[in-house]
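Letter by letter, the chains look like this.
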Amino acid sequence: MIKFRRVERKDLDKVFPLLQQLTKIDYSSRDKSECWNSFISNTSSNSIVGIYDNEIVAYGAVIIESKIRGESAGHIEDIVVDNKVRGKNIGVKLIEELVKIAKEKNCYRVTLCCVEPLVNFYNKNNFKTNGVAMKVFTK
């Protein structure tokens, strides 16, 4: 069974390799203390890890945005499940947990961006295509 909890400083040695499965960015040379100190000061981020068989196998975050009109919106980011445990519904449970956090924070909506091959997965988890996501990378 998968269990979720908030990410802790000690988790970085497990989370960074997970994130390597998500992106081509090399995290190995990053100063983990510097990364953690910058991260933990961001109060809008709600990051969790998934633990399965006593191992961290999943990571994800929902960032809470306070809107000028008085509402809050959630943005799901950095969803990753270890390749070794995919197919066990851990990704489904991770998304459910992040949406639950957004609801607890009174978000009126939760959005995410994904690559085309993942659209069906998110559709099955109650997300609907709504508009077009566009990005500009500054680094």
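Look up: the structure comes first, before these words.
Residues numbered from 1 in each chain as written. Predicted model: local features only at pLDDT ≥ 70, side-chain atom pairs only at ≥ 80, totals over all residues. Heavy atoms only, no water.

1. Focus: the environment of leucine 118
Phase 1 of the analysis: By the secondary structure assignment, leucine 118 is in the loop between strand S5 (107–112) and helix H4 (119–124).
Phase 2 of the analysis: On the basis of relative accessible area, leucine 118 is assigned to the partly exposed category, the value being 38%. (Helix = DSSP H or I, 4+ residues; strand = E, 2+ residues; numbered from the N terminus. Buried < 20%, exposed > 50% of the residue type's maximum accessible area, 1.4 Å probe, protein only.)

2. Quick look at the packing of aromatic side chains
Phase 1 of the analysis: Tallied over the full model, the rule gives 3 aromatic pairs.
Phase 2 of the analysis: Pairing tryptophan 36 with phenylalanine 39 gives two aromatic rings, centres 5.4 Å apart and planes at 45°, and the pair type is tilted. Highlighted residues: tryptophan 36 and phenylalanine 39, both in helix H2 (residues 32–40), separated by 3 residues, approximately one helical turn.
Phase 3 of the analysis: Residue tryptophan 36 is classed as buried on the basis of its relative accessible area, which comes to 12%.
Phase 4 of the analysis: For phenylalanine 39, a relative accessible area of 25% corresponds to the partly exposed category.
Phase 5 of the analysis: Pairing tyrosine 122 with phenylalanine 127 gives two aromatic rings, centres 6.1 Å apart and planes at 80°, and the pair type is edge-to-face.
Phase 6 of the analysis: On the basis of relative accessibility, which here comes to 8%, the residue tyrosine 122 falls in the buried class.
Phase 7 of the analysis: Cluster of aromatic residues (ring-pair linked, three or more members): Phe121, Tyr122 and Phe127. (Phe/Tyr/Trp six-rings, centres within 6.5 Å; stacked < 30°, edge-to-face > 60°.)

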